[in-house]
Amino acid sequence: MGFSQKNLSLDEGARLIVYAVRSGINFLDTAQYYDTYRYLRPALDEIKTDSSLEIPVICSKTLEPGYDGASAAVDDCLEKLGLEQIDIFLLHEVRGINDLRARADAWQALRDKKAAGLIKAIGISTHHIDACMAMADIPSCDVVFPLINKSGMGIRNGEESGTREQMAKAINKCSKLGIGVFTMKAFGGGNLIENYVDCLDYVTSLEGVDAVMIGMGSYDEVDTAVEYFESRLDIAYHPDISRKRMMVDQSDCEGCGTCKARCVSEAIFWNKNGLAEINVDKCVRCGYCAPVCPVRAIVFL
């Protein structure tokens, strides 16, 4: 619902979150980068006033690589959400084992915040098999948030592409060691969503997966998700995705390369005109490229 995708108004976003919790959604994911604390705070304030509702589990993340930045990100999250403690806090988008090592100071900051009682559980979010596998060998890791889907779209292994089988093995290893696992991009960032039921059947059937995080930007999408997880959704259900895609407006693009450098899926390339273009077969529609474009040439349609 944030600025990089649907960009809902503050009121629309907050109301959608409250509706989701009332409908049975009990786990919400956010991040410092998403700029969605502003939606969550009023939603949580309303939820707290209703004795019939339980406060959902909340996870947030930071891209900060150093100790001070990561520590400040936790404080910022708690302040903006009006919380004394957050359930889960992760290093956001760890790009392989080398990146994990480079962010050792940030990891220590999360450990210290947990020791101080400000975080219940710590871990990483990642598209990378090697990073997920490495967390199984880190005793202080409580949770991993890896990318996996039935087509293996967006999965990386070091500098190369990875497979769903390899990521499933990493997930299973973490789970067997007591690390909680919740997954992202079950629909490949929207590219696979036409096969909604098959996508969720695949990821929920994986050994070691405790929860599945899926994007919801409308009441209908909340209703559909709840119907699926309550086993009420027609197995023949197929959403209309004909008008959804990430694209670069060629009339605005200046070929600066900022979006290409930001794309973790290596889906952006130079076309024959020297401008950025998106390979839809690689794009996971995470929306990370759009905010960094200095001329806002990237749109989600």
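Residues numbered from 1 in each chain as written. Predicted model: local features only at pLDDT ≥ 70, side-chain atom pairs only at ≥ 80, totals over all residues. Heavy atoms only, no water.

> Could you clarify how one ought to interpret the overall build of the protein in this entry?
From N to C terminus, the protein includes 11 helices and 13 strands. Each of the three principal axes of the protein carries a C-alpha extent, and together these read 55 × 45 × 35 Å. The 301 residues of the protein split such that 51% are buried. Relative to all contacts within the protein whose residues are 6 or more apart in sequence, the contacts with residues 24 or more apart total 71%. On the protein, roughly 14100 Å² of surface is accessible, and the fraction owed to carbon and sulfur atoms is 47%. One finds the centroid of the 32 positive side-chain charges in the protein at a distance of 3 Å from the centroid of its 43 negative side-chain charges. (Helix = DSSP H or I, 4+ residues; strand = E, 2+ residues; numbered from the N terminus. Buried < 20%, exposed > 50% of the residue type's maximum accessible area, 1.4 Å probe, protein only. Contact = heavy atoms within 4.5 Å. Areas by Shrake-Rupley, 256 points an atom, 1.4 Å probe, with all protein chains shown as cover. Lys, Arg positive; Asp, Glu negative; His and termini not counted. Charge placed at Lys NZ, Arg CZ, Asp CG, Glu CD.)

> Can you help me understand the sheet that holds strand β4 (residues 119-126) in this one?
Within a beta sheet, neighbouring strands are joined by backbone hydrogen bonds and run either parallel or antiparallel to one another. Pairing within the open sheet is parallel, and its seven strands lie in the order β1-β2-β3-β4-β5-β8-β9. A single partner strand is all that each edge strand has here, and the edge strands are β1 (27-29) and β9 (211-212). Where strand β2 (residues 57-62) lies against strand β3 (residues 86-91), four bridges are found, and the strand directions are parallel. Of the residues in β3, the one forming a bridge with Thr62 is Leu91. In the packing of helix α7 (residues 164-176) onto the sheet, contacts are made with β5 (143-146) and β8 (180-183), and the angle to β8 comes to roughly 150°. (Pairing = 2+ DSSP bridges. Axes fitted to C-alpha atoms, helices over the stretch in contact; angles between N-to-C directions.)

> Any chance you could explain the nonpolar core here in plain terms?
Generally speaking, soluble globular proteins have nonpolar side chains that are buried together. Core analysis: the biggest nonpolar cluster contains 88 residues, and Phe89, Ile124, Val144, Phe182, Tyr196 and Leu200 have the highest contact counts within it. Structurally, this core is a two-domain feature, drawing no fewer than three residues from each of domain 1 (10-230) and domain 2 (246-300). In this structure, Cys263, Ala267, Cys289 and Cys293 belong to the second largest nonpolar core, which totals 16 residues. (Core = buried A, V, L, I, M, F, W, Y, C linked by side-chain atoms within 4.5 Å. Domains from an automatic or database assignment.)

> Got a minute to help me understand the domain arrangement of the protein in this structure?
Quite often, the size of an interface is put as the accessible area lost when its parts meet. Partitioning the protein into structural domains gives domain 1 (10-230) and domain 2 (246-300). Each of domain 1 and domain 2 has a C-alpha centre, and these two points are 25 Å apart. Contacts between domain 1 and domain 2 engage 15 residues on the former and 13 residues on the latter. Each partner contributes to the roughly 1200 Å² buried at the junction of domain 1 and domain 2, and carbon and sulfur atoms together form 44% of this total. Our count for the domain 1 to domain 2 interface comes out at two salt bridges. When the shortest N-O distance is used, the salt bridge between Arg156 and Glu266 registers 3.2 Å. Linking domain 1 with domain 2 are five residue pairs in polar contact (both at pLDDT 80 or more), by the criterion used here. (Buried area = accessible area lost by both parts, 1.4 Å probe. Salt bridge = Lys/Arg side-chain N within 4 Å of Asp/Glu carboxyl O. Polar contact = N/O pair within 3.5 Å; in protein donor to acceptor, adjacent residues only side chain to side chain.)

> Could you clarify how one ought to interpret α7 in this entry?
Taking 1.5 Å of rise per residue, the 13 residues of α7 would be expected to cover 18 Å, and the 18 Å separating its terminal C-alpha atoms lies within 8% of that figure. For α7, the complete set of buried residues consists of Met167, Ala170, Ile171, Asn172 and Cys174. Contacts from the buried residues of α7 go to α6 (129-135), β5 and β8. Positioned one or two residues after α7, Gly178 has a phi angle of 90°, which is positive. (Expected span 1.5 Å × (residues − 1).)

> Looking at this structure, I do not really get the state of the cysteines. What am I missing?
Put plainly, two cysteines are in a disulfide when a covalent bond ties their sulfur atoms together. This model, assessed by the stated rule, comprises zero disulfides. The thiol of Cys253 is not disulfide-bonded; the next cysteine sulfur, from Cys259, is found 6.2 Å away. For Cys253, a relative accessible area of 14% puts it in the buried group. (Disulfide = S-S within 2.5 Å.)

> Can you walk me through the side chain of Asp130 in this structure?
Inspection of the secondary structure assignment puts Asp130 in helix α6. We note that Asp130 is buried and unpaired, the nearest opposite charge coming from Arg101 at a distance of 8.0 Å. Of note is the side chain of Asp130, whose polar atom sits 3.1 Å from the backbone nitrogen of Ile97. Among all residues touching Asp130, those that are not within four sequence positions of it are Gly96, Ile97, Asn157 and Gly158.

> Explain the pattern of salt bridges here, please?
Two side chains carrying opposite charge are able to pair once their charged atoms lie near each other. Applying the stated criterion across every chain, the model contains 17 salt bridges. A salt bridge links Arg22 to Glu46; the nearest nitrogen and oxygen atoms lie 3.9 Å apart. Linking Arg22 in helix α1 (residues 10-23) with Glu46 in helix α2 (residues 37-48), this pair joins segments that are 24 residues apart in sequence. The residue Arg103 makes a salt bridge to Asp99 at a minimum N-O spacing of 3.1 Å. Judged by relative accessible area, Arg103 falls into the buried class, the value being 5%.

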